Amino acid sequence: GYFQDNSTLACFRRRRNAILFGAPLFAFSFLVPWFPWRQYEPDDWMIGVHLIVALNLYDSLFTFVVLQHCALFTEISKKHEDRVRLMRYSLVASLVGTGPSIFISAAVSNNMDNLYNFQIFAVVVAVMAWAAMHYAALNITTELDGAREQAFEDIEDQSKSDRSSIWKQTWQIVT
């Protein structure tokens, strides 16, 4: 979150770009835990490496995409009533999407006895999630778009004079 807020790269600073470019990586990170890297033995050390990579990848990309999604969600409207209505739609969509997907995945995979069918279901869910995030990133507009673009241009002009600012900030955090 810190590097997204202080970066000069457009894919980090612009919320729509972060969602647009982060969505396929986020969908991929959802799939990593469900596809073994090789045939594992019972005490194989690679299981732990796979778990650590999968968890870190998913957590990092979840933070990258959802942080921007939540921030964009609040910028859609300044009116409290509109935000409450959007929150209701979001909660209903979450319930409608989550509840059936658990039952469908259990039915498709025979309660996780058939990993191959579950993997196919996971790929379908990842593609649908990517498509929804991609559509939203391309078509959403906010009331703050013009002001944000001007602020980004000002920040980009300022950052051209000081390219090492991120390293200075990182050094301040570390020391």
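Before any of the text, the structure's been laid out above.
The paragraphs below set out a description of the structure included in this document. Predicted model, so just to flag it, every value in this text is computed and none were measured.

Parameters at a glance
- Residues numbered from 1 in each chain as written.
- Predicted model: local features only at pLDDT ≥ 70, side-chain atom pairs only at ≥ 80, totals over all residues.
- Heavy atoms only, no water.
- Helix = DSSP H or I, 4+ residues; strand = E, 2+ residues; numbered from the N terminus.
- Buried < 20%, exposed > 50% of the residue type's maximum accessible area, 1.4 Å probe, protein only.
- Expected span 1.5 Å × (residues − 1).
- Bend = angle between axes of the 7 residues up to and from the residue.
- Axes fitted to C-alpha atoms, helices over the stretch in contact; angles between N-to-C directions.
- Parallel < 35°, antiparallel > 145°, perpendicular 65-115°, else oblique.
- Contact = heavy atoms within 4.5 Å.
- Nonpolar A, V, L, I, M, F, W, Y, C, P; charged D, E, K, R; others polar.
- Core = buried A, V, L, I, M, F, W, Y, C linked by side-chain atoms within 4.5 Å.
- Phe/Tyr/Trp six-rings, centres within 6.5 Å; stacked < 30°, edge-to-face > 60°.

Its identity as a non-glycine residue notwithstanding, Asn110 has a phi of 55°, on the positive side. Mapped onto the fold, Asn110 is located in the loop between helix 5 (80–108) and helix 6 (115–139). Despite not being glycine, Met112 has its phi angle at roughly 70°, a positive value. In this structure, Met112 sits in the loop between helix 5 and helix 6. Under the relative-accessibility criterion, Met112 is labelled partly exposed at 44%.

In this section: helix 3 (residues 15–31). Across its 17 residues, helix 3 extends 24 Å between first and last C-alpha, which sits within 8% of the 24 Å expected from 1.5 Å per residue. Its axis deflected by about 40° at Gly22, helix 3 carries its strongest bend there, up to four residues before the proline Pro24. Buried residues of helix 3: Arg15, Ala18, Ile19, Leu20, Gly22, Ala23, Phe26, Ala27, Ser29 and Leu31, and no others.

Interhelical geometry of helix 3 versus helix 6 gives an angle of 175° and a closest axis separation of 9 Å. Between helix 3 and helix 6, the angle falls in the class roughly antiparallel. Within the contact between the two elements, helix 3 uses Arg16, Ile19, Leu20, Ala23, Pro24, Phe26, Ala27, Phe30 and Leu31 and helix 6 uses Ala122, Val123, Val125, Ala126, Trp130, Met133, His134, Ala137 and Leu138. For the contact of helix 3 with helix 6, a count of residues per class yields 16 nonpolar, one polar and one charged.

Moving on: the nonpolar core. Listed in full, the 11 residues of the largest apolar core are Ala18, Ile19, Leu20, Ala23, Phe26, Leu61, Phe64, Val65, Leu72, Met133 and Ala137. For this core, the element with the most residues is helix 3, which contributes five residues. Not counting residues within four places of it along the chain, the set of residues in contact with Leu20 comprises His134, Ala137 and Leu138.

A separate point is the packing of aromatic side chains. Taken as a whole and assessed by the stated rule, the structure comprises four aromatic pairs. Taking the centre distance of 4.9 Å and the plane angle of 80° together, the rings of Trp34 and Phe118 count as edge-to-face. Taken as a pair, Trp34 in the loop between helix 3 and helix 4 (46–75) and Phe118 in helix 6 lie far apart in primary sequence, 84 residues in all. An angle of 25° between the planes, with centres 5.9 Å apart, marks the rings of Tyr58 and Phe62 as stacked. Linking Tyr58 with Phe62, this pair stays in helix 4, spanning four residues, or about one helical turn. What makes Tyr58 partly exposed here is its relative accessible area of 32%. Taking the relative accessible area as the measure of exposure, Phe62 reaches 36% and is therefore partly exposed.

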